[in-house]
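# Structural features, examined
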Amino acid sequence: MNGLKLIMNKTLGLIGTGKWGQNYIKLCDKLNINLKIGDRLNYKDLIKSKSCQGIIIATPPDSHVNIAIEVLEYDIPVMIEKPLSFSYDEGCKLLKYKTNILVNNLHLFSPAFEYIVNNAKNIKNIISIGCNKGPYRDYSSLFDYGPHDLSMGLYLCNKIPTINYVKKINTNNAEQYNLNINYGNINHNIIVGNAGPNKKRLLKVITEENNIFIYDDLKKDKLTFNDNIVKVSEVSTLENSLFYFIKLLDGYIDDRFGVELSLKYTKFLESLAK
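Criteria and thresholds
- All chains use their own residue numbering, which begins from 1 and follows the written sequence.
- Local features in this predicted model are restricted to residues whose pLDDT is 70 or higher, and side-chain atom pairs enter the listing and the counts only when it is 80 or higher, whereas totals over whole chains, interfaces and linings include all residues.
- Calculation of side-chain values draws on the structure's entire complement of heavy atoms; hydrogens and water are dropped beforehand.
- Secondary structure counts use DSSP, requiring at least four H or I residues in a row for a helix and at least two E residues in a row for a strand, with both numbered from the N terminus.
- Note on exposure labels: buried denotes an accessible area under 20% of the residue type's maximum, exposed denotes more than 50%, and partly exposed covers the range between, all computed with a 1.4 Å probe on protein chains only.
- It only takes one pair of heavy atoms within 4.5 Å for two residues to be counted as in contact.
- Pairs of N or O atoms are called polar contacts if they sit within 3.5 Å, as long as, within protein, a hydrogen donor faces a hydrogen acceptor (for residues adjacent in sequence, only side-chain-to-side-chain pairs).
- Pairing between strands is defined by DSSP: at least two bridges between the two strands are required.
- For helices, the axis comes from a line fit to the C-alpha atoms of the stretch in contact; other axes are also lines fit to C-alpha atoms, and the angle between any two N-to-C directions lies between 0 and 180 degrees.
- Any angle from 65 to 115 degrees is called roughly perpendicular, while one under 35 is roughly parallel, one over 145 is roughly antiparallel, and all others are oblique.
- In a left-handed crossing the near helix is turned counterclockwise from the far helix by less than a right angle, and in a right-handed crossing that turn is clockwise.
- How far a helix is expected to stretch is found by multiplying one less than its residue total by 1.5 Å.
- Only protein atoms enter the 1 Å grid, on which a cavity is a set of points fitting a 1.4 Å probe that cannot get out and a pocket is an open set with protein on both sides within 12 Å along at least 5 of 7 lines, lining residues being those with an atom within 4 Å of a point.
- Grid points are joined across faces, edges and corners, and a volume is the space filled by probe spheres set on the points.
- All residues other than Ala, Val, Leu, Ile, Met, Phe, Trp, Tyr, Cys, Pro, Asp, Glu, Lys and Arg, Gly among them, are scored as polar; the first ten of these are nonpolar and the last four charged.

### Concerning the side chain of Ser85
- The residue Ser85 is located in the loop between β4 (78-81) and α5 (88-91) in this model.
- With relative accessibility at 0%, the residue Ser85 sits in the buried group.
- Among residues more than four places away in sequence, those in contact with Ser85 are Pro61, Val65, Glu90, Gly91, Phe143 and Thr266.

### A short note on the environment of Asn189
- Within the secondary structure layout, Asn189 lies in strand β9 (residues 186-193).
- Accessibility expressed as a relative area gives 19% for Asn189, which makes it buried.
- Beyond its immediate sequence surroundings of up to four residues, Asn189 is in contact with Ile126, Ile127, Ser128, Tyr165, Asn178, Leu179 and Asn180.
- In this structure the side chain of Asn189 is engaged in a polar contact, spanning 3.2 Å, whose partner is the side chain of Asn178.

### Points about the sheet that holds strand β5 (residues 101-104)
- Strands sit in the order β2-β1-β3-β4-β5 across an open sheet of 5 strands; the sheet is parallel. The strands lining the two open edges of the sheet, one partner per strand, are β2 (34-38) and β5. Across this sheet, the average inter-strand angle for adjacent strands is 20°, counted without regard to direction.
- Looking at chain direction, strand β1 (residues 11-15) and strand β3 (residues 54-57) are connected through 4 bridges and run parallel. Counted as the bridge partner of Leu14 is Ile56 from β3.

### Thoughts on the packing of helix α7 (residues 142-157) against helix α9 (residues 260-273)
- Contact geometry of α7 with α9 gives a least axis separation of 9 Å together with a crossing angle of 130°. Classed by the angle they form, the pair α7 and α9 counts as oblique. Crossing angle aside, the handedness with which α7 passes α9 is right-handed. Contacts between α7 and α9 involve Leu142, Phe143, Gly146, Pro147, Leu150, Ser151, Leu154 and Tyr155 from the former and Leu261, Lys264, Tyr265, Phe268, Leu269, Glu270, Leu272 and Ala273 from the latter.

### Overview of helix α8 (residues 237-249)
- A rise of 1.5 Å per residue sets the reference length of α8, with its 13 residues, at 18 Å; its end C-alpha atoms lie 19 Å apart and thus fit the reference within 8%.
- Along α8, 13 of the 13 residues are buried, which leaves the element largely enclosed by surrounding structure.
- Looking one or two residues beyond α8, the residue adopting positive phi is Gly251, at roughly 100°.

### Some details on the layout of surface pockets
- Taken as a whole, the largest pocket encloses approximately 1,300 Å³ of empty space.
- Along the walls of the largest pocket sit 50 residues, with Lys19, Trp20, Leu106, His148 and Lys199 positioned nearest its centre.
- Secondary structure elements with two or more residues in the lining of the largest pocket: α2 (19-30), α6 (111-119), β6 (123-133), α7, β10 (195-207) and α8.
- No other element matches the 5 residues that α2 contributes to the lining of the largest pocket.
- When grouped by side-chain class, the residues that make up the lining of the largest pocket number 18 nonpolar, 16 polar and 16 charged.

Here you go:
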């Protein structure tokens, strides 16, 4: 995609200056995107100014929906960091808005994942791992790590999952989950949590013909097919998702946009976290 052409004459807003907010600030600076920054004290002024073609929400998850509503009331498109919400019912409040929304389920926009979507046919099994040592928050690590795995599984299979089993291991203030679920006849085994000891983000997709796609986000060559490296775009996943948001502002429509997929995994995770 022609990134320079896309970002010309675009002004974006950012609400939230924490870790992910800083990632957006650095990226927009690198890409020379005009970025206006708001925090919890002044973000309402940023919205009311109507000076931004789109606004990114990178605040803590419990504030996502309320802030998004304030932005959408001004008919400004929003990009919301995952998870959309901790509550399915709260997330559903966004369904009434016609203004465009992109929930940044980050790995849906990875060039490696895009390749798998386009090339993995007749999927039989999915294995995914999303772990790290920390962070330790006041909410379940299911909502930190699970949205990545479930958004990819739901997007690949387009079916509501059913649970085979859930195993949870607690270690001090950390936790690890092993979820085994089915999307129809497709099995997905998920390991997620903040119990460490090492960071992992991996997706393995196996087809009925025993073709194996492996997306390992921590490797330089992120994608293999039957143990052979597949060269994909080296653009970062965050940069790619931001480009898609800018394309959305120009009227581009993609089935990764909207809140429906995020509501599916929110409802699923909410039931597990109770």
